Amino acid sequence: DADIVVPDLRGFGESDKHLGDPGQCYSAQAQARSVVGLLDQLGLDRVVLGGYDIGSRIAQTLARMHPQRVSAMVLSPPLPGIGDRILEPEAQKQFWYQTFHQLTLADDLIDGNPEAVRAYLRHFWNHWSGPQFTIADDDLDRLAEGYESPGSFTASIGWYRAGAGSVALSLSERTPDPTQRIGIPTQVLWPDRDPVFPRRWADRLDSFFSDITVHFCENAGHFTPVECAPEFANLVRGCL
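Everything numeric in this text was worked out from a predicted model, so none of it was measured.

We now examine the nonpolar core. In globular proteins that are soluble, nonpolar side chains generally tend to be buried together. Core analysis: the biggest nonpolar cluster contains 53 residues, and Met73, Phe95, Trp190, Trp201, Leu205 and Phe209 have the highest contact counts within it. Of the residues forming this core, the biggest block, six residues, is contributed by helix α6 (residues 114-128). Ignoring any residue separated from it by four or fewer positions in sequence, one finds Phe209 in contact with Gln60, Met73, Leu75, Leu79, Pro80, Arg181, Ile182 and Thr186. Core analysis: the second largest hydrophobic core is formed by seven residues, Leu189, Cys217, Ala220 and Cys228 among them.

Dropping the structure here:
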């Protein structure tokens, strides 16, 4: 039904990795500019953006910076409207890692250490997935390979060191003037068993988007691309 472009975002996968100032490379604005550069290089004009987790933040940023380049969006959390609820005790049981990523201790303990990388990733895949999903060992091995080489883990947490993590953004967000809401038609797929972004946090989206529809994926945890793949694909198809 469509041509699909799935880039490795800066700092992840096979993309380039800069270990200098994270704000210059890994902020939401810098990431969005890189995606726009890719659209220009590929000669793509008005596209449907699909974004999950960090990709969701980047898609929202791109939509604000260049609304004329986007015809529709399909997003999964994080999304705006969380506010200071992110400081609730239950939330902080999940978001501790964003503070950890600010410490050089994270580099010392994990970067370049394959066993530590695998254990770190296994923790999140076990704790954030829904009750019906368990990541296969082969898939975990493949994911870990992308973070094992020296510098790869440090590059991947540059997003948080650039102040783009959910804790920093949620505490700084302000409800926009109604005329400043994102006007691009937006479909949201929200897993209803996501321990990181509970479904009750979907209650303020109308304050940030003027044309938004929320769908809940039942019995799914945080990992939308693997736990809700058909549902996400169908929403994208509906935007074409």
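Okay, a nonpolar patch on the surface next. On the surface, Val5, Leu42 and Leu44 cluster together into a nonpolar patch covering about 230 Å² of accessible area. The residue Leu42 is located in helix α2 (residues 28-42) in this model.

Scanning the model with the defined rule gives nine salt bridges in all. Of the charged contacts in the structure, one is a salt bridge between Arg10 and Asp16, with a shortest N-O distance of 2.3 Å. The partly exposed category is assigned to Arg10, whose relative accessible area is 27%. By relative accessible area, which is 34% here, Asp16 ends up partly exposed.

What follows deals with the packing of α2 against helix α3 (residues 54-65). The interhelical angle for the contact between α2 and α3, taken along N-to-C directions, is 75 degrees, at an axis separation of 9 Å. Here α2 lies roughly perpendicular to α3, going by the angle between them. For the pair α2 and α3, contact is made by Ala28, Gln29, Gln31, Ala32, Arg33, Val35 and Val36 and by Ile58, Thr61, Leu62 and Met65, respectively. Taken together, the residues that form the contact of α2 with α3 break down as seven nonpolar, three polar and one charged.

Here we take up the sheet that holds strand β4 (residues 212-217). Each strand in a sheet pairs with another by means of backbone hydrogen bonds, the pair being arranged parallel or else antiparallel. Across the sheet, four strands lie side by side as β1-β2-β3-β4; this open sheet has parallel pairing. Lying at the two open borders of the sheet, with one neighbouring strand each, are β1 (47-51) and β4. On average, adjacent strands in this sheet sit at an angle of 15 degrees to one another, irrespective of strand direction. Relative to strand β2 (residues 70-75), β1 runs parallel, the two sharing five bridges. From the neighbouring strand, Val48 faces β2, where its bridge partner is Ala72.

Let's shift gears to the pairing of β2. Counting buried residues in β2 gives five out of six residues, a clear majority hidden from the surface. Assessed by its sense of winding, the connection that carries the chain from β1 through α3 to β2 is right-handed. With three bridges connecting them, β2 and strand β3 (residues 186-191) associate as parallel partners. Counterpart to Val74 in the pairing with β3 is Gln187.

Reading guide: rules and limits
Residues numbered from 1 in each chain as written. Predicted model: local features only at pLDDT ≥ 70, side-chain atom pairs only at ≥ 80, totals over all residues. Heavy atoms only, no water. Core = buried A, V, L, I, M, F, W, Y, C linked by side-chain atoms within 4.5 Å. Buried < 20%, exposed > 50% of the residue type's maximum accessible area, 1.4 Å probe, protein only. Helix = DSSP H or I, 4+ residues; strand = E, 2+ residues; numbered from the N terminus. Contact = heavy atoms within 4.5 Å. Patch = residues over 30% accessible without salt bridge, like charges linked within 9 Å, V, L, I, M, F, W, Y side chains within 5 Å. Areas by Shrake-Rupley, 256 points an atom, 1.4 Å probe, with all protein chains shown as cover. Salt bridge = Lys/Arg side-chain N within 4 Å of Asp/Glu carboxyl O. Axes fitted to C-alpha atoms, helices over the stretch in contact; angles between N-to-C directions. Parallel < 35°, antiparallel > 145°, perpendicular 65-115°, else oblique. Nonpolar A, V, L, I, M, F, W, Y, C, P; charged D, E, K, R; others polar. Pairing = 2+ DSSP bridges. Right-handed = clockwise from strand over helix to strand, strands pointing away.

Scope: geometric values only; no functional claims are made or implied.
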